[in-house]
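The primary structure of each chain is shown beneath.
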Amino acid sequence: MNVGSVVLGVSTALAITAAVGAGIAISASQPAQGSEPIQGPQIGVCGSPQESDAATFHSMAASFLIKNTSGSPVTIRAIRPQTLKGLASATVTLARGADDKKTDGYEVAASIGVPATEVAHSSPVAADGTTIAPHSFATIITSMTLADGARAGSAGDFELTSKGPFGTFHTQMIRATVGLGVDASACTDLSM
């Protein structure tokens, strides 16, 4: 994968999101193909508001795709970021499925400034788990609010817990980081 395709993928996501003034792709790479059933991007993205909205900016949602690469359904029991920087809160929700345009290059698909309607169509992982069908996508959406006085914040290293055989649980890590900053320089200083 080259830097051009990463910039193109993130630029496309930014063009669709009018509420966000600037976005920065810190790093991105294709998911490591391994024995884990759920694959996701190793990506870092940060968004900031349009200049006119900077004074009142304090929260935003960002998303990235995951894929069940196995031939069996996977029931996710929990998703939570392991690292939080500069945030008062980070709420993670899941939406099964994804827009066809987003699934084409899911290894670099991340959106900043996720619209409220998309957030509303996602939900926390169900108490009994949320099942992702074989070879299908889901969108992890993280709604973030900056801590008092923070210029930028991020949530990263998402731990997924799924049902394993015979009532066991399986834990894996998705090395994605999503963030927000009051302006583009705050995003750059975030060092994701």
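This one's a predicted model, so the numbers in the text were calculated from it and none came from an experiment.

So, how was this worked out
- One numbering rule holds for all chains: residues counted from 1, following each sequence as written.
- Since the coordinates come from a predicted model, pLDDT governs what is reported: local features require at least 70, and pairs of side-chain atoms require 80 or more to be given and counted, while whole-chain, interface and lining totals use all residues.
- Only hydrogens and water are set aside when side-chain values are computed; all heavy atoms of the structure are taken into account.
- Here a helix means four or more residues in a row that DSSP labels H or I, a strand means two or more in a row labelled E, and each is numbered from the N terminus.
- Any two residues having at least one pair of non-hydrogen atoms within 4.5 Å are treated as being in contact.
- By convention in this document, the label disulfide applies to cysteine sulfur atom pairs within 2.5 Å.
- With a 1.4 Å probe rolled over the protein chains alone, any residue whose accessible area is under 20% of its type maximum counts as buried; one over 50% counts as exposed, and the rest are partly exposed.
- The salt bridge criterion pairs a side-chain nitrogen of Lys or Arg with a carboxyl oxygen of Asp or Glu, the two atoms within 4 Å.
- Within a predicted model, pLDDT stands for the predictor's per-residue confidence, ranging from 0 to 100.

Visitor: Just give me the short version of the side chain of Ser 162, but keep the residues and values in it.
Guide: Relative to the helices and strands, Ser 162 resides in strand β10 (residues 152–163). Leaving out residues up to four positions away in the same chain, Ser 162 has contacts with Val 74, Thr 75, Ile 76, Arg 77, Thr 168, Phe 169 and His 170.

Visitor: Could you give an account of the state of the cysteines, with specific residues and numbers?
Guide: As enumerated under the stated definition, the model contains 1 disulfide in all. Residue pairing for Cys 46: its cysteine sulfur links by disulfide to Cys 187, the two sulfurs lying 2.1 Å apart. Taking the torsion about the S-S bond as the criterion, the Cys 46 to Cys 187 disulfide, at about -70°, is left-handed. Here Cys 187 lies in helix α4 (residues 184–189) and Cys 46 lies in strand β3 (residues 42–49), a separation of 141 residues in the sequence. Using a relative accessible area of 1% as the deciding quantity, one classes Cys 46 as buried.

Visitor: Describe the pattern of salt bridges, listing the residues and the values that go with them.
Guide: Opposite charge on two side chains makes pairing possible when the charged atoms of those side chains draw close. A full pass over the atoms with the stated rule returns 3 salt bridges. As a salt-bridge pair, Arg 80 and Glu 159 come within 3.0 Å of each other at their nearest N and O atoms. Taken together, the residues Arg 80 in strand β5 (residues 74–85) and Glu 159 in strand β10 connect sequence positions 79 residues apart. The partner of Asp 183 in a salt bridge is Arg 151, and the shortest N-O contact between them spans 3.2 Å. Taken together, the residues span a long stretch of sequence, with Asp 183 in the loop between β11 (169–181) and α4 and Arg 151 in the loop between β9 (137–146) and β10 at a distance of 32 residues. Classification of Asp 183 by relative accessible area gives partly exposed; the value is 28%.

Visitor: An account of the environment of Thr 56 is needed here, citing residue identities and associated values.
Guide: As for its position among the elements, Thr 56 is in the loop between β3 and β4 (59–68). Judged by relative accessible area, Thr 56 falls into the exposed class, the value being 64%.

Visitor: Talk me through the confidence of the model for the protein; I want residue IDs and the actual numbers.
Guide: Mean pLDDT over the protein works out to 80, with 74% of the residues at or above the 70 mark. When the elements of the protein are averaged for pLDDT, helix α1 (residues 3–16) gives the smallest value, 36, and β5 the largest, 96. Across residues 1–19, confidence stays below pLDDT 50; counting only partners more than four residues off in sequence or on other chains, it has 23 contacts. In this model, residues 27–32 is a region of pLDDT below 50 whose contacts with residues beyond four sequence positions or in other chains number 19 contacts.

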